[in-house]
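# Descriptive analysis of the structure
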Amino acid sequence: MKRVRFWFRFVLALVLGFVFFGSQAFGNPEIAEDRTLSPYFFVNTENPDEDQLPLKSTSADVHISGVIADVLVTQIYKNAGKNPLEAIYVFPASTRAAVYGMKMTIGERMIEAKIKKRDEARRDYERARDEGKNASLLEQQRPNVFQMNVANIMPGDEIKVELRYTELLVPTDRVYEFVYPTVVGPRYSNQKASDASPAENWVENPYLHQGELSATTFDIAVSINAGMPIAGLSCSSHQIKADYKNPSQVKVSLDSSDSNGGNRDYILRYRLDGDKIQTGLLLSQGEKENFFVLMMQPPKRITGGEIPGREYIFIVDVSGSMHGFPLDISKKLLADLIGNLRPTDKFNVLLFAGSSSLMAEKSLPATAANIQRAIETIERQRVGGGTELLPALKRALDLNKEDGFSRTVVIVTDGYVSVEEEAFDLIRHHLGEANMFAFGIGSSVNRHLIEGIAHVGMGEPFILTKPETAPAQAKRFRDMIQSPVLTQVKVRFNGFDVYDVEPVSIPDVLAERPVLIFGKWRGRPQGTITLTGMTGKGKYKETIDVENDQAAEDNAALKYLWARHRITLLSDYNRLRSDAKRIDEITQLGLNYNLLTAYTSFVAVDSIVRNVDGQWTTVKQPLPLPQGVSDYAVGGRPRVASAPAMQKGLFMTGTSKKMESCLDEDKAVVEELKAPKSNNYVQKIRIIKVNAEKGLGKDDVRKAVQLHLSAIEKCFAGYNFAGTVHVELTINPDGTVKHINIDSDDISDKKLRQCITAEMKKWRFPVPANYLAVKVNVVLKIF
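Residues numbered from 1 in each chain as written. Predicted model: local features only at pLDDT ≥ 70, side-chain atom pairs only at ≥ 80, totals over all residues. Heavy atoms only, no water.

### Some details on the sheet that holds strand β3 (residues 68-78)
In spatial order, the strands read β6-β5-β10-β3-β2-β13-β16-β15; together these eight strands make up an open sheet with mixed pairing. Whereas interior strands pair on both sides, the edge strands pair on one side only; in this sheet they are β6 (109-112) and β15 (240-246). Ignoring strand direction, the axes of neighbouring strands in this sheet form an average angle of 15°. Here strand β2 (residues 55-65) runs beside β3; their pairing, made up of ten bridges, is antiparallel. Counterpart to Ser-65 in the pairing with β3 is Ile-68. (Pairing = 2+ DSSP bridges. Helix = DSSP H or I, 4+ residues; strand = E, 2+ residues; numbered from the N terminus. Axes fitted to C-alpha atoms, helices over the stretch in contact; angles between N-to-C directions.)

Quick look at the structure:
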């Protein structure tokens, strides 16, 4: 029996080795066709030959002049091991960032990266890697998620990669905010790995455990030249030091105590003295094209007046990644939002994870009793399961709309999903039916999803990084929705020859935020620009004289900002319906303006061959979990091995010509499989079958069980058990486990049964849709 089991495991290891050859192999006993793309926990093998943590530091040098921020990001990679490495690092960026340059430095050699079509750039990179040359590749996986590949980092090497981007700072309610995202949160995906395109593989990334600090140091310095006296400078996310050169210039540095602060977004806010804002016209004159950006301040918000009733649909994420801190913020926020509805309003609440549950089939009046019922339901909520946002959105938008009520949909989530495009598409199709507002919850939310939902839904994004910010953000939401600043907005250009102007039409202005217009101009800068609209008090009109503004060298970044805005618009339309012409236009914009896009990438290749043997180990840089996010976001279940843990033979990565020598060079894997198992050996478990009574879906049960299998595996450590275990569970209305019945003649050991029972008592399931106790049957295979 043992011999049969050995050969089964050996053949399985061989199969997995060939499936993952040529890329990073992270062992998983699941059968390939059943495996989904998903994040996993990093396991440090402490092998001195392999440096599993090649990214030693990341820093940002930020210069803000007026309303334009220019950012230099520096990543330092070192190889402290004995084998050559290829490092892969997934990192975030601002959703407004226009990345316009990259360079790589190895010792005294500096190589400027070139912008190329995405496929061409990857071919150049892989060719250089296979030839043993240093190379780096920067790709955009999402508008706010980038991936850096650095090839052939030799033992003792230090390679510096720098990238530059620019963005426009647009004040909201007269507050300027600069955000530097530091970490990509784990993304839930139910897509099978076998069906996924290579562009989706970034989702499958290693993470450190909750509260575990990254070995990569973090630093950021911000210089502000505001042109007006600065007031109210603050950083809610990190400890900072501010050194004022004069009232309008300040240098902000990070306190040394926050050198491991790369697990949450860096958020810097400031006002201008007297609550003024930078408005007016910025002009840039180039050799071939001239660009402009117009920022016009809308009127101040009015209060009072009779406001018609509204219908609010609150869609609340209660998936595993919301466990703990994020759900606590959500509960506080929703209690504030729902608790302050007016008697003339109606509302409904939809909770979602792997499935969704609705408070009522039609929206309820905002009576004291209904409000209290909603708050109590949310307060009792426990988390668990995946983040199935799309079905929840569809269900909410399909609800019958109340006559005479304006509908507002409010989404509360951390955004850890990989279906941003599908969500945008769905919202666009229902654009005329509801305003869409998104609240991002947590210290490092998926801002692309949160801001994108608000953008395509003609609403506003809200980000809550701390519980104490919930009341202020809830008040901001109420102020915004109850009394728009400016509606029926129009802009006219008189005597100023403009073209390629964006946006073509301007949505209602819901916040005290400047109206922002990008474009190009010809001839002389002359004529006027007039902004008109309706406020709560009546008609509004403001005019700017173009001749009062002159083109300046400091505004050279306007071409990048215009192109980035145009790319964002085209990308939004392309998500609605993919179109080859639009893809080509985005590609050409990237190539013409030297910008990173979904279809263009930066690649830097050295000319010197340094890795003569042509072998390397691919290492995915493990990321820290965002501050306040629990292990549930990853699944609470570490995979079998980490990046270089499989470097021995079977899972050695490198060029194909070295394949035949992999098994011969090191037979440790085979010897390990032959060796008797020690008491530290952990049995592996697979879910064979799941059944559930009405109220819980099979997929929800499977996902909830999958989250906790690692703890059950530890119970079997040292038992050398193989067989099938039938378990019957009774699930309480709140998703907790009430009763456990383990039906297996094979488990006679009392301590083993006690361990399994104790761990299963900790399991959490989605709240049953019928709010009744539900029985669940699970069949587990232990091998």
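### Considering the state of the cysteines
Tallying each qualifying case throughout the model produces one disulfide. Paired through a disulfide, Cys-715 and Cys-755 show a sulfur-sulfur distance of 2.0 Å. Sign of the S-S torsion, about -75° for the bond between Cys-715 and Cys-755, identifies this disulfide as left-handed. Here Cys-755 lies in helix α15 (residues 750-760) and Cys-715 lies in helix α14 (residues 709-715), a separation of 40 residues in the sequence. The exposure class of Cys-715 is buried, given its relative accessible area of 6%. (Disulfide = S-S within 2.5 Å. Buried < 20%, exposed > 50% of the residue type's maximum accessible area, 1.4 Å probe, protein only.)

### Focus on helix α2 (residues 118-130)
Between its first and last C-alpha atoms α2 spans 18 Å; for 13 residues at 1.5 Å apiece the expected length is 18 Å, and the two agree. Three or more residues of α2 are buried, namely Arg-118, Ala-121, Asp-124, Tyr-125, Ala-128 and Arg-129. All buried residues of α2 lie within an arc of 130° about the axis, which places them on one face of the element. Elements in contact with the buried residues of α2: β4 (85-92), β7 (114-117), β8 (133-142), β9 (145-153) and β32 (600-609). Remark: Gly-132 follows α2 within two positions and exhibits a positive phi of approximately 90°. (Expected span 1.5 Å × (residues − 1). Arc of directions from axis to C-beta. Contact = heavy atoms within 4.5 Å.)

### A look at the sheet that holds β8
Pairing is mixed in the open sheet, where six strands are placed in the order β7-β32-β8-β9-β4-β33. Edge positions in the open sheet fall to β7 and β33 (617-620), since each of these has one partner strand only. Here the average twist between neighbouring strands, direction ignored, is 25°. Sheet topology places β7 next to β32; four bridges connect them, and they run antiparallel. For Ile-115, the partnering residue across the bridge sits in β32 and is Phe-602. Strands in contact with helix α10 (residues 580-593) are β7 and β32; relative to β7, the strand with the most contacts, it is inclined by about 165°.

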